[in-house]
Amino acid sequence: MKKLTGLALLACCFVFNPAFAANAQQSKMATCNKDATGKAGDDRKAFMKDCLSKKPAAAAPMTQQEKMKSCNVDATGKKGDDRKAFMKECLSKPKA
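Notes on the structure in this doc start here. Keep in mind it's a predicted model, so treat the numbers as computed, not measured.

This part covers the pattern of salt bridges. Under the defined criterion, the tally for this structure stands at one salt bridge. Asp50 serves as the salt-bridge partner of Lys54, at 3.7 Å between the closest nitrogen and oxygen.

This is the structure we're talking about:
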């Protein structure tokens, strides 16, 4: 039991390490700094504030062609009516 508790504690040290969050923030800061080149004073301050507060952009939804490719891969091994029904359902689902 003590070993299990010790392992869990050790795992938490790695999972909740603030270095993971710091690296993402540092990366964002570097990108914003690069984009702010040429700006000065209040203009730069406003730009940096806006840039650092933005959330990462959401991934664009799949195109119909990308859905078709994905569904075809997932339908491997299915034949006839099973494949037809699977493809109909797969292609009608909204995929992110």
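In this fold, Glu89 is placed in helix H5 (residues 80-92). Glu89 gets classed as partly exposed once you look at its relative accessible area, which sits at 48%. In this structure the C-alpha to C-alpha distance between Glu89 and Cys71, which are 18 residues apart in sequence, comes to 9.4 Å.

Glancing now at the state of the cysteines. Under the counting rule described, the total for this entry stands at two disulfides. The partner cysteine of Cys32 in its disulfide is Cys51, sulfur to sulfur 1.9 Å. In this structure the cystine formed by Cys32 and Cys51 twists about its S-S bond by roughly -80°; its chirality is therefore left-handed. One end of the pair, Cys32, is in helix H2 (residues 18-35); the other, Cys51, is in helix H3 (residues 41-53), and 19 residues separate them in sequence. Classification of Cys51 by relative accessible area gives buried; the value is 14%.

Following both chains from N to C, one finds helix H4 (residues 64-74) and H5 inclined at 140°, their axes separated by 10 Å at the closest point. With respect to H5, the element H4 is oriented oblique. With respect to the hand of their crossing, H4 and H5 are arranged in right-handed fashion. Residues Gln64, Lys67, Met68, Cys71, Asn72 and Asp74 of H4 pack against Arg83, Phe86, Met87, Cys90 and Leu91 of H5. Of the residues assigned to the contact of H4 with H5, the class counts are six nonpolar, two polar and three charged.

As a further point, take the side chain of Lys67. Topologically, Lys67 is positioned in helix H4. One buried charge, Lys67, has no salt-bridge partner; the nearest side chain with opposite charge is Glu66, at 9.7 Å. In this structure the side chain of Lys67 is engaged in a polar contact, spanning 3.2 Å, whose partner is the backbone oxygen of Leu91.

What counts and how
Residues numbered from 1 in each chain as written. Predicted model: local features only at pLDDT ≥ 70, side-chain atom pairs only at ≥ 80, totals over all residues. Heavy atoms only, no water. Salt bridge = Lys/Arg side-chain N within 4 Å of Asp/Glu carboxyl O. Helix = DSSP H or I, 4+ residues; strand = E, 2+ residues; numbered from the N terminus. Buried < 20%, exposed > 50% of the residue type's maximum accessible area, 1.4 Å probe, protein only. Disulfide = S-S within 2.5 Å. Axes fitted to C-alpha atoms, helices over the stretch in contact; angles between N-to-C directions. Parallel < 35°, antiparallel > 145°, perpendicular 65-115°, else oblique. Left-handed = near helix turned anticlockwise from the far one by under 90°. Contact = heavy atoms within 4.5 Å. Nonpolar A, V, L, I, M, F, W, Y, C, P; charged D, E, K, R; others polar. Lys, Arg positive; Asp, Glu negative; His and termini not counted. Polar contact = N/O pair within 3.5 Å; in protein donor to acceptor, adjacent residues only side chain to side chain.

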